[in-house]
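Chain residues, written in single-letter form:
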Amino acid sequence: MTINKKFVDQFAIVTSKAALASSYFVGKKDKIAADKAAVDSMRSNLNNMDIQGQIVIGEGELDDAPMLYIGEKLGTNNGPKFDIAVDPLEGTNFAANNLPGALSVIAIAEKNNLFEAPETYMEKISTKVNEKNVVDLDYSVKKNIFNLSEYLNKKPENLTACIMDRPRHNKIIKELNDLNVNVKLITDGDVCGALLVTDDKYNVDIFLGTGGGPEGVLAATALDAFDCSFQGRFLFETNDDKNRAKKMGIKDFSKKYELKEIVSGDSIFCATGITSGDLVSGIKIKGDQFVSETLVTHKSSGLKKVIKLEQNIL
Ligand code: VTB
C-alpha cells in the first residue's frame, strides 16, 4: 500500500498554516503562545482533512496536553488510516527570540507504521551513508569517524559532525576535537540537525548526540525518504519514564532501534520554515498573502524537495 500523493500537498498546507500562525509570535519572547498558535492551527486543519488519523507523537499525553495528545483521533473519519507525528513548533526558543531554524513539522505513515516514541531523550546517529557497520550507535566516536572517513575517502579533518551544544555532549565534542573533525554546534532543533546529512550542500557528514525521542522519529521519517541512515536508543532515566514506556509496549529499555523499526512502509514528511534556517526560509507576508517554504518527502514516489506556496491569509 502507498499513500496517495495528493496528501503531500494537503499536509504541506497544514504545516504552512501552522507556521504562519506561529510566525505572528516570532521575537515576542513567548514560547508558549508561539507553540499554542501552531498547535491550534495544525489541529483544526488536520480535522478538516478526509483521513482517519491518530496522533502517535504529539504534545504529550492526554493529562497534560488537551490538544494533539497521543492517541487523539483527527480528520473527518473518511479516508485512509494514518499514524501522525507532529511537532507544530520545533525550536520554541528560535521562534520566541527570532532566531533561525524554527519549523512546523509533521510526519505521516500508514496505520501502525510509525513508532509511538515516549517523551524521553534518545541517543541518535545519522549519516548519508546507508550501509551496515559503517556508523553505529554501539561504536566509539573514534571508530565511527575512522569508518566514515574510510568509506567517504575523506580525512577526519575534512569531515563535519553536527551535535547539539549541551554539557551532556562535552565528552563526544572533546573526542571529535581530538580527531580534528569539524564540529557544527547547534543550540536547539535537532530535527533539522539530523537532516543536514541529507545533502552535500549542508556540508555535514554525521549527526550524533542525545535529543528528544519524538524529534528522532520525525527526523527518521525524512531520512528514510533520503535513503540516509538513522539509529536511535531511548534513555529512560526515572521509574516514571520506564512505566510510561512499558505502557507504550516497550519491553527492552536499552534497545537500539534501526530506522525501519521506527518508520516502515510509505511515509510523508513536511517541515515548513517559521524563521529562515538551513533547510527552508521562514514565513513571508505580502499583503493579504503569505509565502511559505516546506521541505517535503514522500517515500514511495521518491519526492524530496522544497516547495514554495503562496496562499491567502484567511
Ligand atoms: C531537542 C531539540 C528541541 O529540545 O530535542 C532538544 O530538537 C532536547 O532537549 O528543539 P534539551 O533542550 O533538554 O537538550 C529542543 O532543543 C527544544 O525543544
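This is a predicted model, so every value here is computed, not measured.

Caption draft 1: Looking closely at the overall build of the protein chain. On a plain count of helices and strands, the protein chain comes out with nine helices and 14 strands. In terms of overall dimensions, the protein chain is globule-like: its C-alpha atoms have a radius of gyration of 19 Å, near the 20 Å expected for 314 residues. Judged by the C-alpha coordinates and their principal axes, the protein chain covers about 55 × 45 × 40 Å. Counting only residues that meet the buried cut, the protein chain has 54% of its 314 residues in that class.

Caption draft 2: Examining the site of the ligand more closely. Near the ligand, the surroundings consist of E90, G91, Y121, M164, R166, R168, D188, G189, D190, G211, G212 and E215. Here G189 contributes a backbone N or O atom positioned 2.9 Å from an oxygen atom of the ligand. Contact distances for the ligand include 2.6 Å between an oxygen atom and a side-chain N or O atom of D190. Notes on the ligand: free accessible area 410 Å², of which the protein chains cover 76%. Along the lines of polarity and charge, the residues of the shell around the ligand split into two nonpolar, four polar and six charged.

Caption draft 3: Local environment of the sheet that holds strand β7 (residues 182-186). One open sheet holds the six strands; their spatial order is β7-β6-β8-β5-β9-β10, and the pairing between them is mixed. Since the sheet does not close on itself, it has two edges, and those belong to β7 and β10 (257-258), each with one partner. In terms of strand pairing, strand β5 (residues 121-127) meets strand β8 (residues 206-212) through seven bridges, oriented antiparallel. When the sheet's bridge partners are listed, Y121 is paired in β8 with G212.

Caption draft 4: Spotlight on the pattern of salt bridges. Tallying each qualifying case throughout the model produces 19 salt bridges. Several salt bridges share partner residues, and in doing so they unite E123, D136, D138, R233 and K256 into one network.

Caption draft 5: Region of the structure containing the side chain of T198. By secondary structure assignment, the location of T198 is in the loop between α6 (190-195) and β8. Apart from the residues lying within four places of it in its own chain, the contact partners of T198 are L223, F226 and C228.

Caption draft 6: Quick peek at unusual backbone geometry. Residues other than glycine seldom take positive phi values, yet K29 does so here, at roughly 60°. Positive phi, close to 75°, is recorded for N77, a residue that is not glycine. Topologically, N77 is positioned in the loop between β2 (73-74) and β3 (81-90).

Caption draft 7: Focus on the packing of aromatic side chains. The full count for this structure, using the stated rule, is eight aromatic pairs. Cluster of aromatic residues (ring-pair linked, three or more members): F115, F234, F236, F253 and Y257. Directly above the aromatic system of Y139 lies the positively charged group of K143, at a separation of 4.1 Å from the ring centroid. Taking the ring centre of Y257 as reference, the NZ or CZ of K255 above it sits at 5.1 Å.

Caption draft 8: Fine view of helix α1 (residues 6-23). The end-to-end C-alpha distance of α1, which contains 18 residues, comes to 26 Å, matching closely the 26 Å that a straight helix rising 1.5 Å per residue would cover. By the criterion of burial, α1 is predominantly enclosed, with 13 of the 18 residues buried.

Caption draft 9: Geometry of the domain arrangement of the protein chain. Looking at the assigned domains, one finds that the protein chain contains domain 1 (6-114 + 266-312) and domain 2 (121-262). Contacts between the two partners involve 24 residues from domain 1, matched on the other side by 24 residues from domain 2. Surface buried jointly by domain 1 and domain 2 totals about 2000 Å² across both partners, of which 68% is contributed by carbon and sulfur atoms. At the boundary of domain 1 with domain 2, the tally comes to three salt bridges. Across the salt bridge formed by D224 and K299, the nearest N and O atoms sit 3.3 Å from each other. The interface formed by domain 1 and domain 2 contains four residue pairs in polar contact (both at pLDDT 80 or more). Taken together, the elements giving at least two residues each to the side of domain 1 that touches domain 2 come down to β3, α3 (92-96), β4 (103-110), β11 (267-273) and β13 (289-298).

Caption draft 10: Region of the structure containing the state of the cysteines. Per the stated rule, a full pass over the model turns up zero disulfides. The cysteine C162 is free of any disulfide, with C192 supplying the nearest cysteine sulfur at 7.5 Å. Judged by its relative accessible area of 0%, C162 is buried. Not part of a disulfide, C270 finds its nearest cysteine sulfur in C192, a span of 16 Å.

Caption draft 11: Here's a closer look at the nonpolar core. Counting residues in hydrophobic clusters, the biggest one holds 45 residues, and the most contacted among them are L195, L223, F234, I262, F269 and L279. Taken together, the elements giving at least two residues each to this core come down to β1 (52-57), β4, β6 (160-164), α6, α7 (213-225), β9 (229-235), α9 (259-262) and β11. Top contributing element to this core by residue count: α7, with six residues. Mapped onto the domain boundaries, this core takes at least three residues apiece from domain 1 (6-114 + 266-312) and domain 2 (121-262). With near-sequence residues (within four places) excluded, L279 lies in contact with L103, C192, L195, L196, Y202, L295 and V306. In this structure, I3, A12, V14 and I268 belong to the second largest nonpolar core, which totals 37 residues.

What counts, and where the lines are drawn
- Residues numbered from 1 in each chain as written.
- Predicted model: local features only at pLDDT ≥ 70, side-chain atom pairs only at ≥ 80, totals over all residues.
- Heavy atoms only, no water.
- Helix = DSSP H or I, 4+ residues; strand = E, 2+ residues; numbered from the N terminus.
- Rg over C-alpha atoms; globule rule 2.2 N^0.38 Å.
- Buried < 20%, exposed > 50% of the residue type's maximum accessible area, 1.4 Å probe, protein only.
- Near = heavy atom within 4 Å.
- Polar contact = N/O pair within 3.5 Å; in protein donor to acceptor, adjacent residues only side chain to side chain.
- Areas by Shrake-Rupley, 256 points an atom, 1.4 Å probe, with all protein chains shown as cover.
- Nonpolar A, V, L, I, M, F, W, Y, C, P; charged D, E, K, R; others polar.
- Pairing = 2+ DSSP bridges.
- Salt bridge = Lys/Arg side-chain N within 4 Å of Asp/Glu carboxyl O.
- Contact = heavy atoms within 4.5 Å.
- Phe/Tyr/Trp six-rings, centres within 6.5 Å; stacked < 30°, edge-to-face > 60°.
- Lys NZ or Arg CZ within 6 Å of the ring centre and 35° of its normal.
- Expected span 1.5 Å × (residues − 1).
- Domains from an automatic or database assignment.
- Buried area = accessible area lost by both parts, 1.4 Å probe.
- Disulfide = S-S within 2.5 Å.
- Core = buried A, V, L, I, M, F, W, Y, C linked by side-chain atoms within 4.5 Å.

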